[in-house]
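# Structural overview for review
Listed below, chain by chain, are the residues.
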Amino acid sequence: MKLTISGRALLIGTVFGLLLQACGGGGGSDSPSPPPPPPPEQKYTLSGVVRPAAGAAIDSDVNDPAAPYQANDAVADAQPIPNPVTLGGYANQPGSGPPGRSRIVGDSMDFYRVNLLADQALNLFIANDGVRNDLDLGLYDLAGKLLDASVSQSRVESLTVETSGDYLVVVQATRGASNYVLTIGQSLAATSEGMRLSDHFVLGEAVVQFQDNAAITTTGTLARAHTLKLTAQSRQEAQERSRLVSVNDYRELLQSTAAAACIPPVLPESSIPPSEELQVRLETLCMVKDLNRDNAIRSASPNYLRATQLVPNDPLYSFQWHYPQMSLPQAWDLTTGTDAIVAVIDTGIVLSHPDLQGQLVAGYDLIKDPGNALDGDGIDPDPTDVGDRSNPDGSGSFHGTHVAGTVAAATNNSVGVAGVAFGAKVMPLRAVGRFGGSLYDIEQAVRYAAGLSNDSGTLPPRRADVINLSLGSTGSAASEQATLDQARAAGVIVVAAAGNSQTSTRFYPAAYSGVIAVSAVTLSKTLASYSNFGSWIDVAAPGGNTATDLNGDGKPDGVLSTVATDAGGTLANDYVIWQGTSMAAPHVAGVAALMKARAPNLTPQQFDNLLISGAMTEDIGVTGRDDQFGYGLLNAYQAVAAASEQPVDPTPILAVSPSALNFGTVLNSQTLTVLNGGTGNLTVNSPTEDSGGWLSVEPTQIDANGLGIYTVSVNRAELADGVYSATLTLASSANTVQIKAIMQVANDLSAGAIGYQYVLLTHPDTGETVADATVTQQTDGGYTYTFSDIPVGTYEIFAGSDSNNNFLICEAGESCGAYLTTDEPVQIKVDHDQSGLDFVSGYTVNLADFQSVSEDEDGTTGKGLSRSQTRQVGTVR
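Let me sum up the structure you'll find in this document. (Residues numbered from 1 in each chain as written. Predicted model: local features only at pLDDT ≥ 70, side-chain atom pairs only at ≥ 80, totals over all residues. Heavy atoms only, no water.)

Of regular secondary structure, the chain possesses 14 helices and 44 strands. The buried share among the 877 residues of the chain stands at 58%. Within the chain, counting contacts between residues at least 6 apart in sequence, those at least 24 apart form 74% of the total. Surface exposure of the chain reaches about 33200 Å², of which carbon and sulfur atoms provide 50%. (Helix = DSSP H or I, 4+ residues; strand = E, 2+ residues; numbered from the N terminus. Buried < 20%, exposed > 50% of the residue type's maximum accessible area, 1.4 Å probe, protein only. Contact = heavy atoms within 4.5 Å. Areas by Shrake-Rupley, 256 points an atom, 1.4 Å probe, with all protein chains shown as cover.)

What follows is the structure, encoded as structure tokens:
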């Protein structure tokens, strides 16, 4: 989302002041008395605190002159960072990037000193394209010797630590300029991005495929091909094929062409010369990188040495903690949702997303107003999300694509993420556009999904089994209740998000009778701070909290799913971590699809009966139904087993949540939930750990079988600074579960840092900035902010850093937050002074290695205003 922020003076405020001056009256003594001036407009003050997300850090020498500065450009100045960490940074070659602190002199290398554990994962997410603006990732010992490096031209570079110890992590700008996010965490998933020094490949060789001869011109690129001694041979073949290029060929080429910059084998401060093998190994990778920049070459890669191995089907599944939390993998042993249909009524869908191929049935666009639809017409059979322009820069949210991915993203396809009911199909129905979704359009979409007459004049070949509504407001209407009653009577289970305003005020359609209202929980199974609550809540599901990293995987604890972005004017498929009840609801809709697959005759009333009985939930919170979690946290396995028309043999399964623990530098304890994720009898032995004493486990609330809640604590007393890991083992009568725990003692590290925060008050409809706040940094890394003299109105509040100093905040690689969440900012009605408007700012990690982001020549990704007295907010979703 893009908004306008001022780092200095606010342009709109200047204009407003001039208007006031122009309205001042004049006149002499002979003039009749002027009418009395109008009463002064009432104005108010808003204030709060922007808190840093847990485990966040910031590069200490970013390009923003307003940000605190500490050089980290050399070994001696290496910046100490915590572990795990999510760190935002900026690097540039001299003369590249926006004007600012480092534009002229450059900031080509950032050095970080960190204590790492064996098998930990390092990931560098590059904000820009990785070609024109290229960053590399290096791991060095403290003497400055290169141990491993990732030097591809993709937007993700990744490494895995071989042995525990103290290291230097180096981010180098080899070309252009870019923001970045560096994450370090427990290796819950194999990293596979980038070309690594530690990869197995033939030294001194590259596998190259040239463009077809017709595409090679007689200048420049042809000369390069000729230098590589392959042109004559290529001309004899009708179609290009892969060929080997040697380092010797490449060295000959470099006699007439400058080599691409590459990460050094040893740092300048090191007195230890690199080994010959290291030099050739690095030269091979740098050759491949350079060849990939040549227009005459279609592709180049190292000559990898292959071995048989098991490759994970869905490489990002390990970051989907929200599925094991609800015992979903066990449910997949019973069904994957085959033959069920879930209608997602939302912003539409990006049909090109690779993880949604084969997962859809025909949908419809039910937006009646062409001005809201933005696709040139009104109602039509194409549910494609053309972008709702909900971000003030005109880019789209693609909210419906994220929701659809949670319901039924393709699974076991070696791509991206998994879906809850990946055997089911999604019916995409577009009802939310530029100005939101109208009550009438949403009613028509519900009617279409349920196979009822509607304004499209047509019906689906088969109605949906489940409807997901991750949308709503506080307004209700009898007509909408009646429509939902008809859908329910037709046999459709209707699921809706409870809303993100942390209030008990009824939120519709979730609060209607007959609709399953879903609140959101975090990784620790607590009610998410943003989630609505109340007597109308039916069930809870994972919605996440992007302000924490409690499992230490180096990623925010939100919900990971499919998405797209059109920031910069080019549509790109992606994966992103969001939080919200919009994310919780499709978990329930997906499980309802699993239940329908096992019990095709399951009615909405039978679904309700199972929910009320407790047969499909884990009872969290107070015993029985409560206003936070309804009838409890959804348990997918129990729900499917309870609904099955064919009896399911009692199969006890020990399930533990969360699956990993991260205590960071400040947490002293966390809770662990141990439960029977299946059916039948299960007993659990007393937990054991191998920490040597710094980790302890005590039962907090358990039954006679050892099931319940445990408190896991750490004791840092008398421990030297460093990163510590341990394994907690829980053995049961059915299976054994091991939980990784990580903790850091770091007396010399400061509190979490998110960079200098610019805080904006914006108009919710136009995205225009109304005011920018006065901010003061606190010792805990947070920022207090105050808006003064704010006129009566409705506003939204955003905050973020501007590491590259392009006067856009919240771009990739920059911290960002909104009151209460960036996914669905809460609108603040100003008619009195308000305080305590606190929220969290942190980093969003986009996980698509194939995303291509359009960028400006200066290496920035946002459009925004030209460089002046105002800033804008970049994409926050």
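Across all of its chains, the model carries five cavities of 30 Å³ or more by this definition. The wall of the second largest cavity is formed by twelve residues, among which Phe-125, Ile-126, Arg-155, Ala-812 and Asn-846 lie closest to the centre. (1 Å grid on protein atoms, 1.4 Å probe; cavity = no way out; pocket = protein on both sides within 12 Å on 5 of 7 lines; lining within 4 Å. Points joined across faces, edges and corners; volume = space filled by probe spheres on them.)

Glancing now at the packing of helix α10 (residues 439–449) against helix α11 (residues 478–489). One way to put it is that α10 packs onto α11 with a least axis distance of 10 Å and a crossing angle of 10°. Classified by the angle between their axes, α10 and α11 sit roughly parallel to one another. Only Ser-479, Glu-480, Thr-483, Leu-484, Gln-486 and Ala-487 of α11 make contact with α10, whose side of the interface consists of Leu-439, Ile-442, Glu-443, Val-446 and Arg-447. (Axes fitted to C-alpha atoms, helices over the stretch in contact; angles between N-to-C directions. Parallel < 35°, antiparallel > 145°, perpendicular 65-115°, else oblique.)

The subject of this paragraph is the sheet that holds strand β8 (residues 134–140). The strand order β4-β6-β11-β8-β9 describes an open sheet built from five strands, whose pairing is mixed. Both outer strands of the open sheet, β4 (79–80) and β9 (146–150), are each paired with one neighbouring strand and no more. Examined bridge by bridge, strand β6 (residues 109–116) and strand β11 (residues 165–175) share eight bridges and lie antiparallel to one another. Across the sheet, the residue bridging to Val-114 is Tyr-167, located in β11. (Pairing = 2+ DSSP bridges.)

Before going further, it helps to examine the pattern of salt bridges. Side-chain pairs of opposite charge can arise where the charged atoms are in close proximity. Per the stated rule, a full pass over the model turns up twelve salt bridges. Of the charged contacts in the structure, one is a salt bridge between Arg-462 and Asp-465, with a shortest N-O distance of 2.9 Å. Under the relative-accessibility criterion, Arg-462 is labelled partly exposed at 40%. Where Arg-625 meets Asp-627, a salt bridge forms, and the shortest distance between an N and an O atom there is 3.0 Å. Judged by its relative accessible area of 29%, Arg-625 falls in the partly exposed class. Accessibility expressed as a relative area gives 38% for Asp-627, which makes it partly exposed. Several salt bridges share partner residues, and in doing so they unite Asp-134, Asp-136, Lys-289 and Arg-293 into one network. (Salt bridge = Lys/Arg side-chain N within 4 Å of Asp/Glu carboxyl O.)

Attention now goes to the state of the cysteines. Applying the stated criterion across every chain, the model contains two disulfides. At a sulfur-sulfur separation of 1.7 Å, the disulfide partner of Cys-262 is Cys-286. Its torsion about the S-S bond being -80°, the disulfide of Cys-262 and Cys-286 is classed as left-handed. With Cys-262 in the loop between α4 (247–253) and α5 (276–292) and Cys-286 in helix α5, this residue pair connects regions lying 24 residues apart in the sequence. Judged by its relative accessible area of 11%, Cys-286 falls in the buried class. A sulfur-sulfur separation of 2.1 Å characterises the disulfide bridge that pairs Cys-810 with Cys-816. Disulfide Cys-810 to Cys-816: torsion about the S-S bond roughly 85°, handedness right-handed. Note on Cys-810: relative accessible area 1%, which makes it buried. Cys-816 gets classed as buried once you look at its relative accessible area, which sits at 9%. (Disulfide = S-S within 2.5 Å.)

Our focus in this paragraph is the pairing of β11. Among the eleven residues of β11, eight are classified as buried, and the element is accordingly described as predominantly covered. Summarising the sheet, β8 and β11 pair through seven bridges and their orientation is antiparallel. Each bridged residue has a counterpart across the sheet, and for Asp-134 the counterpart in β11 is Arg-175.

Within an α-helix, residues lying three or four positions from one another point in the same direction, as the helix has 3.6 residues per turn. Spanning twelve residues, α11 covers 16 Å between terminal C-alpha atoms, matching the ideal 16 Å at 1.5 Å per step. The set of residues buried in α11 consists of Glu-480, Gln-481, Thr-483, Leu-484, Ala-487 and Arg-488. The buried residues of α11 all sit within an arc of 160° when viewed along its axis, so they share a single face. Exposed side of α11, more than 90 degrees from the buried face: Ala-478 and Ala-489 are the residues found there. (Expected span 1.5 Å × (residues − 1). Arc of directions from axis to C-beta.)

Following the sequence through the fold, Ser-242 ends up in strand β14 (residues 242–246). Separated by 58 residues in the primary sequence, Ser-242 and Ala-300 place their C-alpha atoms 8.8 Å from one another. Those residues in contact with Ser-242, other than ones at most four positions away along the chain, are Val-207, Val-208 and Gln-209.

Packing of helix α12 (residues 581–598) against helix α14 (residues 636–643) brings their axes to within 8 Å, and their N-to-C directions diverge by 30°. With respect to their mutual orientation, α12 and α14 come out roughly parallel. Here α12 and α14 pass one another in a crossing that is right-handed. Here Val-591, Leu-594, Met-595 and Arg-598 of α12 come into contact with α14, specifically with Ala-636, Ala-639, Val-640 and Ala-643. In terms of residue class, the contact of α12 with α14 is made up of seven nonpolar, no polar and one charged. (Left-handed = near helix turned anticlockwise from the far one by under 90°. Nonpolar A, V, L, I, M, F, W, Y, C, P; charged D, E, K, R; others polar.)

Quick look at unusual backbone geometry now. In the segment running from Asn-83 into Pro-84, the intervening peptide bond is cis, with an omega of 0°. Summarising the element assignment, Pro-84 is placed in the loop between β4 and β5 (85–92). Across the junction of Ser-657 and Pro-658, the peptide omega takes the value 0°, indicating a cis bond. Within the element layout of this structure, Pro-658 appears in the loop between β27 (654–657) and β28 (660–662).

Side chains that are nonpolar tend, in soluble globular proteins, to be buried together. Among the nonpolar cores identified, the biggest contains 95 residues, and Met-595, Tyr-785, Phe-787 and Ile-797 are the most heavily contacted of them. In terms of residue count, the dominant contributor to this core is α12 (nine residues). Those residues in contact with Phe-787 that lie beyond four places of it in its chain are Tyr-44, Thr-45, Leu-46, Val-759, Leu-760, Leu-761, Ala-771, Asp-772, Ala-773 and Ile-797. With 35 residues, the next largest nonpolar core counts Ala-431, Ala-498, Tyr-512 and Val-515 among its residues. (Core = buried A, V, L, I, M, F, W, Y, C linked by side-chain atoms within 4.5 Å.)

Going through the model one piece at a time under the given rule, you end up with eleven aromatic pairs. Considering the side-chain rings of Tyr-317 and Trp-332, the 6.1 Å spacing of their centres and the 45° angle between planes classify their relative orientation as tilted. On the criterion of sequence distance, the pair formed by Tyr-317 in the loop between β15 (297–304) and α6 (322–325) and Trp-332 in helix α7 (residues 328–332) is long-range, its members being 15 residues apart. For Tyr-317, a relative accessible area of 26% puts it in the partly exposed group. An aromatic cluster is present here, built from Tyr-317, Tyr-323, Trp-332 and Phe-422 joined pairwise through their rings. A cation over an aromatic ring shows up here: Arg-281 above the ring of Phe-201, its NZ or CZ 4.9 Å from the ring centre. Looking at Arg-625, its charged tip hangs above the ring of Tyr-631, at a distance of 6.0 Å from the centre. (Phe/Tyr/Trp six-rings, centres within 6.5 Å; stacked < 30°, edge-to-face > 60°. Lys NZ or Arg CZ within 6 Å of the ring centre and 35° of its normal.)

A few words on the side chain of Ser-801. Secondary-structure assignment places Ser-801 in the loop between β39 (793–800) and β40 (808–809). Polar side-chain contacts of Ser-801 include one of 3.0 Å to the backbone nitrogen of Ser-815. Apart from residues lying up to four places away in sequence, Ser-801 is in contact with Ile-754, Gly-755, Tyr-756, Gln-757, Leu-808, Ile-809, Cys-810, Glu-814 and Ser-815. (Polar contact = N/O pair within 3.5 Å; in protein donor to acceptor, adjacent residues only side chain to side chain.)

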